[in-house]
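A look at the structure
Below are the chains, spelled out letter by letter.
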Amino acid sequence: MRIRIMCFKKYIFISSIMIATLVTSSNAACIATYCFTGEIGLGGVYHNINGGSLAHIDNRGGYLSIGGASIYKRLQAAGVVRLGGGVSTLSGQNLVSRSTKGFFIDDYFLRVGFNIASQNIPLYINFIANLDRFQQGLNGVNRMLFALGIELEGKIPIGKANIMYSGGYAWLAEGIYQFGKLDSHINGEHNYAIIASLGLSYDISNNASVYIKAIGKYYDLHASSVVDTNLSFPASHHFTAMLEIGINGVLYGYNRVQ
């Protein structure tokens, strides 16, 4: 996980999100020609990185989420940044010298899509890109996953409430573990991720809503390359569960559909 590569990708995602004008799923229907939406939330996160008896990592913590979307007629460009941290528990033969550590997570998610349904009940087909990292520092295990894929994302209004949902499949474009300063690249051509969410929002004014949503990620990954004669991460299944609450709204071009 070379520092220059990580920083370069991080700046690309931040720039892309800014270009996209900063939420994933606003509650209000955008019937203006152009809409700009935003959201902020707090959440709890659990990561389970299961490499069997050789390596197992459990991460528990919290995060701050900030996102936004630009919608022009049937087109949207949206992004979200999640930053947080917590405590990791490590076990397994490859991680025998490690036990419990603090960790930091940063997660950058970008989607660009087209609405194939109505403005009031949208259904977007999105291209998605996700940079997902957790870091334990130089004396721990760090992980970076960069995935590209496709997604269906929609919303169903029920009075003042809205059901929000999404589901996508992504291919791992690059994956790296870092042991100290040593980079161990994930092998294989068929590493993949499944990313989904389900939430509920409720209108509190003409241009704002509160929301709660669950977000899940599943990765199926091959073993990483061996470095320093014997260091590698085995083939593994990664599961991430997030529960988030917050507020979102339309900041420009707002027109409510009753």
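Given the structure is predicted, the values throughout are model-derived calculations rather than measurements.

Parameters and conventions
- Residues numbered from 1 in each chain as written.
- Predicted model: local features only at pLDDT ≥ 70, side-chain atom pairs only at ≥ 80, totals over all residues.
- Heavy atoms only, no water.
- Helix = DSSP H or I, 4+ residues; strand = E, 2+ residues; numbered from the N terminus.
- Buried < 20%, exposed > 50% of the residue type's maximum accessible area, 1.4 Å probe, protein only.
- Areas by Shrake-Rupley, 256 points an atom, 1.4 Å probe, with all protein chains shown as cover.
- Pairing = 2+ DSSP bridges.
- Polar contact = N/O pair within 3.5 Å; in protein donor to acceptor, adjacent residues only side chain to side chain.
- Contact = heavy atoms within 4.5 Å.
- Patch = residues over 30% accessible without salt bridge, like charges linked within 9 Å, V, L, I, M, F, W, Y side chains within 5 Å.
- Salt bridge = Lys/Arg side-chain N within 4 Å of Asp/Glu carboxyl O.
- Core = buried A, V, L, I, M, F, W, Y, C linked by side-chain atoms within 4.5 Å.
- pLDDT = per-residue confidence, 0-100.

**With respect to the overall build of the protein chain**
- Of the regular secondary structure elements, the protein chain holds 1 helix and 11 strands.
- Helices and strands in the protein chain line up, N terminus first, as α-β-β-β-β-β-β-β-β-β-β-β.
- Residues counted as buried form 49% of the 258 residues belonging to the protein chain.
- Carbon and sulfur atoms make up 65% of the accessible area of the protein chain, which amounts to about 11,700 Å² in all.

**Some words on the pairing of strand 1 (residues 34-50)**
- Pairing geometry for strand 1 and strand 2 (residues 56-72), over 17 bridges, is antiparallel. Looking across to strand 2, one finds that Glu39 is bridged to Gly67.
- Taking the residues that link successive antiparallel strands as the turn, the strand 1-strand 2 hairpin has 5 residues, and the phi of Gly52 there is positive, at about 75°.
- Judged from the 15 bridges that link them, strand 1 and strand 11 (residues 236-252) form a sheet pairing that is antiparallel. Each bridged residue has a counterpart across the sheet, and for Ile40 the counterpart in strand 11 is Ile247.

**Focus: the side chain of Asn126**
- Positionally, Asn126 belongs in strand 5 (residues 123-135).
- Note on Asn126: relative accessible area 2%, which makes it buried.
- Side chain to side chain, Asn126 and Glu153 meet in a polar contact 2.9 Å long.
- Apart from residues no more than four positions distant in its own chain, Asn126 is found in contact with Gln76, Arg111, Val112, Gly113, Phe114, Gly149, Ile150, Glu151 and Glu153.

**As for a nonpolar patch on the surface**
- Among the surface-exposed residues, Ile121, Ile156, Ile158, Ile163, Leu198, Leu200, Ile212, Leu243 and Ile245 lie close enough to one another that they form a single nonpolar patch of about 780 Å² accessible area.
- Listing elements by their share of the nonpolar patch, those giving two or more residues are strand 6 (141-158), strand 9 (192-205) and strand 11.
- Mapped onto the secondary structure, Ile156 falls in strand 6.
- Residue Ile156 is classed as partly exposed on the basis of its relative accessible area, which comes to 37%.

**Some thoughts on the environment of Ala69**
- Examined against the element boundaries, Ala69 turns out to sit in strand 2.
- With relative accessibility at 2%, the residue Ala69 sits in the buried group.

**Here we look at the environment of Gly113**
- Tracing the chain through its elements places Gly113 in strand 4 (residues 100-115).
- Apart from the residues lying within four places of it in its own chain, the contact partners of Gly113 are Arg74, Leu75, Gln76, Tyr124, Ile125 and Asn126.

**Here we look at the pairing of strand 10 (residues 208-221)**
- As defined by bridge partners, strand 9 adjoins strand 10 across 13 bridges and the pair is classed as antiparallel. Paired with Ile195 across the two strands is Lys217, which belongs to strand 10.
- Count of turn residues in the strand 9/strand 10 antiparallel hairpin: 2 residues.
- As paired strands, strand 10 and strand 11 are joined by 14 bridges and run antiparallel to one another. Bridged to Ala214 within strand 11 is Leu243.

**Comments concerning the nonpolar core**
- Ile57, Leu221 and Phe233 are the most contacted members of the largest nonpolar core, which has 25 residues in total.
- In this structure Ile57 touches His47, Asn48, Ile49, Ser88, Thr89, Leu90, Leu95, Phe134, Gln136, Val141 and Phe233, once residues within four positions along its chain are discounted.

**A short note on the confidence of the model for the protein chain**
- In the predicted model, the protein chain carries a mean pLDDT of 85, and the fraction of residues at 70 or more is 84%.
- Of all helices and strands in the protein chain, the one with the weakest mean pLDDT is helix 1 (residues 3-19) (46), whereas strand 10 scores best (97).
- Under a pLDDT of 50 for its full length, residues 1-8 has, in the predicted model, 13 contacts with residues more than four places off or in other chains.
- Every residue in residues 11-28 scores below 50 in pLDDT, and together they form 65 contacts with partners more than four places removed in sequence or on other chains.

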